[in-house]
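Spelled out, the chains give:
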Amino acid sequence: MKNKANETVEQYIDRIYAYVKKRVANEADVEDITQEIALNLYRSLCVKDVENVEGFVWVVAKNTLTNFYRGNAKTKYNLSIDEGTMDFADEKESALNNLIHRENCERIQQEIAYLSKIQRKVLILYYYEEKKQTEIAKILDVPLGTVKWHLNVAKAEMKKGMEKMRNRNELKFNPINFSNVGMSGGLGTVGYPINFVRSALSQNILYSIQKEELTVEQIADLLGVSPVYVESELEYLEEYQLVLRKKNNYLCNILIDEETEENIHATEKLYETITGKIANRLFDEIVQGGYLHSDDIVGPKDENFRMWSLMFYLLATSENGFQKKISFQEAATIRADGGENIIVASVENEIIEKPALWNEYFCGPCWNENENVILWLIDGEWTEKRVNEHYGGANIEPELRLLKRFTQGEELSVDEYVLMLEKGYIRKNGDTFKLAIVGLRDGETKKKLLSLAKQIKNSVLEEYQEAIDEYRREVLGSAYLPKNTKIQRDFTSQQLFGAEGMFMRYIKDALVKSGRLKDVSEEQRRSVSEILILK
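This is a predicted model, so every value here is computed, not measured.

Looking at this structure, how should I read the overall build of the protein?
Looking only at helices and strands, one finds 21 helices and 13 strands in the protein. Expressed as a percentage of the 535 residues in the protein, the buried residues total 47%. As displayed, the protein has an accessible area near 27,300 Å², and 47% of this comes from carbon and sulfur atoms.

What's the story with the packing of aromatic side chains in this structure? I'm lost.
In this structure the tally under the stated criterion is 15 aromatic pairs. Taken together, a centroid distance of 6.4 Å and an interplanar angle of 75° make the contact between Tyr-271 and Tyr-471 edge-to-face. One end of the pair, Tyr-271, is in helix α13 (residues 261–288); the other, Tyr-471, is in helix α19 (residues 465–474), and 200 residues separate them in sequence. Across the pair, exposure class does not vary: Tyr-271 and Tyr-471 are buried alike. Members of the aromatic cluster, each reached through a chain of ring pairs, are Tyr-271, Tyr-471, Phe-497, Phe-503 and Tyr-506.

Can you walk me through the packing of helix α10 (residues 200–208) against helix α11 (residues 216–223) in this structure?
The description of two helices packed together rests on the angle between their axes and the distance between the axes. Contact geometry for α10 and α11: axes closest at 10 Å, N-to-C directions at 115°. By the criterion of interaxial angle, the relationship of α10 to α11 is roughly perpendicular. The hand of the α10/α11 crossing is right-handed. On α11, the residues that touch Leu-201, Asn-204, Ile-205 and Ser-208 of α10 are Ile-219, Leu-222 and Leu-223.

Explain the sheet that holds strand β8 (residues 362–369) to me, please; I cannot follow it from the model alone.
As a general point, the strands of a sheet are linked pairwise by backbone hydrogen bonds and lie either parallel or antiparallel. Within the open sheet, the five strands sit side by side as β5-β12-β13-β9-β8. Their pairing is mixed. Pairing within the sheet leaves two strands with one partner each, and these edge strands are β5 (297–298) and β8. Helix α21 (residues 501–513) contacts β8 and β9 (373–380) of the sheet and is inclined by roughly 110° relative to β8.

Looking at this model, I keep getting lost on helix α18 (residues 444–463). Mind explaining?
Side chains three or four residues apart in an α-helix point the same way, a direct result of the helix having 3.6 residues per turn. Over its 20 residues, α18 runs 29 Å from end to end, which matches the ideal 28 Å to within 8%, given 1.5 Å per residue. Of all the positions in α18, only Thr-445, Lys-446, Leu-449, Leu-452, Ala-453, Ile-456, Lys-457, Asn-458, Val-460 and Leu-461 are classed as buried. At its buried positions, α18 is contacted by α13, α14 (303–317), β12 (438–441), α19, α21 and β13 (530–534).

Can you walk me through the pairing of strand β2 (residues 243–246) in this structure?
Across four bridges, the pairing between β2 and strand β3 (residues 249–252) is antiparallel. Bridge pairing in β3 links Lys-246 to Asn-249. Counted along the chain from β2 to the antiparallel partner β3, the turn is two residues long, and its residue Lys-247 has a positive phi close to 60°.

The rules behind the values
Residues numbered from 1 in each chain as written. Predicted model: local features only at pLDDT ≥ 70, side-chain atom pairs only at ≥ 80, totals over all residues. Heavy atoms only, no water. Helix = DSSP H or I, 4+ residues; strand = E, 2+ residues; numbered from the N terminus. Buried < 20%, exposed > 50% of the residue type's maximum accessible area, 1.4 Å probe, protein only. Areas by Shrake-Rupley, 256 points an atom, 1.4 Å probe, with all protein chains shown as cover. Phe/Tyr/Trp six-rings, centres within 6.5 Å; stacked < 30°, edge-to-face > 60°. Axes fitted to C-alpha atoms, helices over the stretch in contact; angles between N-to-C directions. Parallel < 35°, antiparallel > 145°, perpendicular 65-115°, else oblique. Left-handed = near helix turned anticlockwise from the far one by under 90°. Contact = heavy atoms within 4.5 Å. Pairing = 2+ DSSP bridges. Expected span 1.5 Å × (residues − 1).

Below is the structure:
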């Protein structure tokens, strides 16, 4: 931890010096304050794990600077606050910035909670995220004049409420919101994981107990709501094992990711580099090796269409070199609705701009099987949306049986043909019906393709092993998670560059950018990136 603390101080020291120099005229004081900030920062980082390092650095800097002012009786700086002179239109250096770091910080935070949603957003972006008014206008997609007006209205509203005293903290006035809720595993009768956490209350309850156990009363105090509401919501979350109860304490039982610019940049850099090398090499080897003309591959003979299915399937199902120590059954939770899964939620951050690829519609990999066939697919911007809450399990079993019968040459009924056409499994060609999805027989060609995918993937992964290990440690690290979610995080980190959505996204991106994969026709969108494995 000391090494990491030292690296952080070195990374920010020049910016800290510039920050202090703008606010202090005496050069000797500038150096003293900068050294004091660096020392306080180092000590703090040596004893605690900080998720938002950027924000923490400037909190320490501001607090140290404020304490320096207070301790210097001869200073010319005056930190006394006159509420009548508070101007919410000043850039960053307004009286509110000083108030936040004084004794009445909680009073101000509490009053923010009672502002309108748009006023609250403007205020938080301006004073807590330190965004310029022009930046806020762009983020919220409103005119600059609207931002200024809301800042002034917020000033008036807060001045009215400063007489009141309530014990509040940040979650009370700035609640989190899940931007995405996904899972690994199978759905139950409740459906998608988002159905468990549709309300802001349930999401903030889970967020507040992701790293430590709390009682109903402690959670209620953190969120600023009645314990009655918290207790009711916890009963529901506990029933479906999204929280665990230990006597009177509750603990989150899902993984929660917070997007930071640092993590997004690290993920994008790693996946773009590694996935591009893997996907492009495998694509070229398959084409040059003549595998696409094998009799073991059935369905449309369009080579581009075949590769849209084969590439994803082969790279998702081929083994990688990571040593797997934790099984899915060890890490997953069996829920009351029959689902067995690991739920992962992401906390929304409106300020951070995510890569365009991440904002595209995407779902998968998904597969269903019986003793005869496996139906495997992913959904994306290039497909029709085939996966929904009712996809999979017993709902797909009749279709698997029909696909087996069809590939064996059996005659189907009119209704059965209609269903298969609607699903995009078959197409009509004159008076006959043909398979519309790619089929791969369970034979030598399949074994050779999976072996080739494994060899290429592991060759590249070995080349970048050091970078992958650092990514797993720094971005996916589980050292500070409770035991129940630590095992979930450790399991998911084993799945890198396997059957995981991020890998699939970047495979598609690399192959399309290189021109290897071409757009499919509108008719093919129903059947593309779907493959039938014939046992």
